[in-house]
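Structure at a glance
So the chains spell out like this:
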Amino acid sequence: MKKPIDIIAAAALIDKAEIRRWGIGLIDGSINGYVFLIGDDVETTILEDLAYRNMLVFITSESLRSRLQGEGFTLGWESGLVAFDIAQALGFVLGVAQVFGDADEPECILEYARQRLRGFTLLISDPDDDLLSGAHAALSLGCPLMTTAQLPASVEDWKIPAKYRPVLDSLPAADIIQLGIEERGVDIKFPLPDLPAAFSSEFSGQIVRDDDCGVCFTGVELTTIGEDIVDGQIRVVGADLDSGLSGDQTYGLLIEVSGREMQVDFESVLERQIETIFNDLDGVVHRGQRTIASLRITQKAVDRGLRLRHLGEILHAGYHNEFGSILSRVQITIFSEPEKIKELLIKAQAIYQQRDQRLLKITDESVDTFYTCTICQSIAGEHICVISPEHPGVCGAVDWMDARAGSNIHPVGPNKAVQKLGVVDAKLGQWESVNQIVQQETGGGLAAYSLYSLMQDPGPACGDFECITGMLPLSNGVMVVGRDYQGNTPSGMDWDMLLEVAGTGTPVPGFIGHSKRLLQRDKFIAAEGGWRRIVWMNHALREDLRPVLDALANAAGISGFVDMIATEQNAQTEEDILEYIGSCGHPVSLMEAMI
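An account of the accompanying structure is given in this report.

About the thresholds
Residues numbered from 1 in each chain as written. Predicted model: local features only at pLDDT ≥ 70, side-chain atom pairs only at ≥ 80, totals over all residues. Heavy atoms only, no water. Pairing = 2+ DSSP bridges. Helix = DSSP H or I, 4+ residues; strand = E, 2+ residues; numbered from the N terminus. Axes fitted to C-alpha atoms, helices over the stretch in contact; angles between N-to-C directions. Buried < 20%, exposed > 50% of the residue type's maximum accessible area, 1.4 Å probe, protein only. Core = buried A, V, L, I, M, F, W, Y, C linked by side-chain atoms within 4.5 Å. Contact = heavy atoms within 4.5 Å. Salt bridge = Lys/Arg side-chain N within 4 Å of Asp/Glu carboxyl O. Phe/Tyr/Trp six-rings, centres within 6.5 Å; stacked < 30°, edge-to-face > 60°. Lys NZ or Arg CZ within 6 Å of the ring centre and 35° of its normal.

1. Here's the deal with the sheet that holds strand E7 (residues 213–225)
Strand pairing in a sheet relies on backbone hydrogen bonds. The paired strands run either parallel or antiparallel. Ordered by their spatial adjacency, six strands build an open sheet running E8-E12-E9-E7-E11-E10, and the pairing between neighbours is mixed. Because the sheet does not close on itself, it has two edges, and the strands there are strand E8 (234–237) and strand E10 (284–287). Sheet twist, expressed as the average angle between the axes of neighbouring strands with direction ignored, equals 20°. Relative to strand E12 (residues 329–335), E8 runs parallel, the two sharing four bridges. Bridging across to E12, Val-236 finds its partner in Ile-334.

Here it is in structure tokens:
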């Protein structure tokens, strides 16, 4: 191999004004990273792919520069294709590290370059000593060599001052850029696609009324780690918005992600961001999660050209831009084909069940940290959930482990850690530290938050929940209603009326919105006696939760408890409930008055 390149000397030859003017993009993130492109056997699709990912490309081969200019490419800083030889390119990157890292010692400059300026070397041609010499010099900047060629045995001795590999050879040309991004950990930010509708946080909280709605989707949404996925691949399986879809429709959304830092615990954190991303699109309103997701799209947006593919493109950019530090590939499939939706539902329910099982052996007493969740403040300004192992978010999609993962990903994001300090009332589930952060995060809208009470300072709910629990004064108990129930309840209200009470984002003592998961734990309205207070449930929900409630009751020595709970099949009013629970010896008759 030829004499090594002195990159310190090369940096001294680069104009400092040029470094400041064009290097700032590598610092502020407006440029995602850089590539030393060595060799000349390069297809233009490689350059297009790099441009799509907003990478600064140094064209080091004179013959390649001539060829590109002959093909109409513009070389220069403005185009992102810079005509520098390898020594100049190395010197420029090192100069950026020296100027913006405010460093003088060579090792300090190199360390700044490795930590803050992410790049790699790309060789798509047969190697020679000159090319390998340049690639070897780039290792000191933390740039691995990615190549389609089979390299000589001499590179086996190469070292890189980082935890990743110095050389990856014999790579397929179609995947080489993605593999380089993943190996070097380049955080790719994508601009939003051209859309037929405006996209801005100003639209979050808008309403799509029935007479304006072109299509109302309800269905299942799942974000999961995938294998062999293609970043940016977006598929629509079934009819699209221009193919006669209108009115009430079912749909499925599968987002598959991968990345070196991606973990299973992060899946639900990403999944909960679907609502935030979609609600910034004019004419689109998203509510709910998991199997109760709804997506309302105005007819005006459809007429303007909005299609399901656009939704996938928005999610692709949103996931990369928000979670690029942990993922590198995002593949999206949107289903409107009923049979495919059923298949996704089966897959999703199995994954949801695995997620839900994680916490069953962890109690609130066994941890010293709870978490907040303010994701839904985009639709309810003062909404907040305080999440503990036994008190999941009202949506049911964010539990204690999810919130902990969210806090680790974005410490200043919607999930904030709060130490359990200063017990106010252990029975209610109130702590001074929790009340303080609730006041802070709601701008003073809430003064206190009880994790375990229905009657005193219950937490708010924004509407994205599976159940409503409401007090029934005459029977000294509570009813629990599932969102799929269409009939009236013994309170005289149906689901929609109850939603107006419990789902405004403002706490109403005596009513709470919550997930089915909350009913799995003893902390459910424990301040009022817990699950023993349940005297009425709609029949489908009761049967769905029978195993859970049976397990709780059997552990407490109460057999046959679920059948003591009245349903619409045998109790339409509170008077009916009183008669029913009296005939079966329901334990609520021995409990103290709720009010």
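2. Thoughts on the pairing of strand E20 (residues 511–514)
Burial along E20 is two-sided: Phe-511 and Gly-513 facing one way and Ile-512 and His-514 facing the other are all buried. Note: strand E18 (residues 467–472) against E20, four bridges, orientation antiparallel. Considered in E20, the bridge of Gly-470 is made with Phe-511.

3. Quick look at the nonpolar core
In globular proteins that are soluble, nonpolar side chains generally tend to be buried together. Core analysis: the largest hydrophobic core is formed by 46 residues, its most contacted members being Phe-370, Trp-400, Val-434, Tyr-449, Trp-536 and Ile-577. Not counting chain neighbours up to four residues away, the residues in contact with Tyr-449 comprise Ile-384, Cys-385, Val-386, His-391, Gly-429, Gln-430, Val-434, Asn-435, Val-438, Asp-457, Gly-459 and Pro-460. Counting residues in hydrophobic clusters, the runner-up holds 45 residues, among them Phe-84, Ile-109, Ala-138 and Trp-158.

4. Re the pattern of salt bridges
Pairs can form between side chains of opposite charge whenever their charged atoms are close. Taken as a whole and assessed by the stated rule, the structure comprises 31 salt bridges. One salt bridge in this structure joins Arg-114 and Glu-107, with 2.5 Å as the shortest N-O distance. According to the relative accessible area criterion, Arg-114 is buried, its value standing at 8%. Note that Arg-290 is salt-bridged to Asp-356, the shortest N-O span being 3.0 Å. In this pair, Arg-290 is assigned in the loop between E10 and strand E11 (293–298) and Asp-356 in helix H13 (residues 338–357), connecting sequence segments 66 residues apart. Summarising the burial analysis for this pair, Arg-290 and Asp-356 share the class buried. Bridged by salt links that share partners, the residues Asp-265, Arg-290, Asp-356, Arg-358, Asp-399, Asp-402 and Arg-517 form one connected network.

5. Some details on unusual backbone geometry
Phi at Asn-54 is positive, roughly 55°, even though this residue is not glycine. Inspection of the secondary structure assignment puts Asn-54 in the loop between helix H3 (44–52) and strand E2 (55–59). Under the relative-accessibility criterion, Asn-54 is labelled partly exposed at 31%. One non-glycine residue with positive phi stands out, namely Ser-170, at about 55°. Considering the arrangement of structural elements, one finds Ser-170 in the loop between strand E6 (167–168) and helix H8 (176–184).

6. Considerations on the environment of Thr-74
Structurally, Thr-74 can be placed in the loop between helix H4 (62–70) and strand E3 (81–82). Note: C-alpha distance between Thr-74 and Ile-27 (47 residues apart in sequence) is 24 Å. Dropping the residues within four chain positions of it, Thr-74 is found in contact with Ser-79 and Leu-81.

7. Notes on the packing of aromatic side chains
Inspection of the entire model under this criterion finds 18 aromatic pairs. Where Phe-58 meets Trp-77, the ring centres are 6.4 Å apart and the plane angle is 90°; that geometry is what we call edge-to-face. Placement of the pair is Phe-58 in strand E2 and Trp-77 in the loop between H4 and E3, with a sequence separation of 19 residues. Note on Phe-58: relative accessible area 0%, which makes it buried. Between Phe-84 and Phe-92, the ring centres sit 6.4 Å apart and the planes meet at 70°, which makes this aromatic pair edge-to-face. Using a relative accessible area of 10% as the deciding quantity, one classes Phe-84 as buried. An aromatic cluster is present here, built from Trp-22, Tyr-34, Phe-36, Phe-58, Trp-77, Phe-84 and Phe-92 joined pairwise through their rings. In this structure, Lys-523 packs its charged tip against the face of Tyr-452, placed 5.6 Å from the ring centre.

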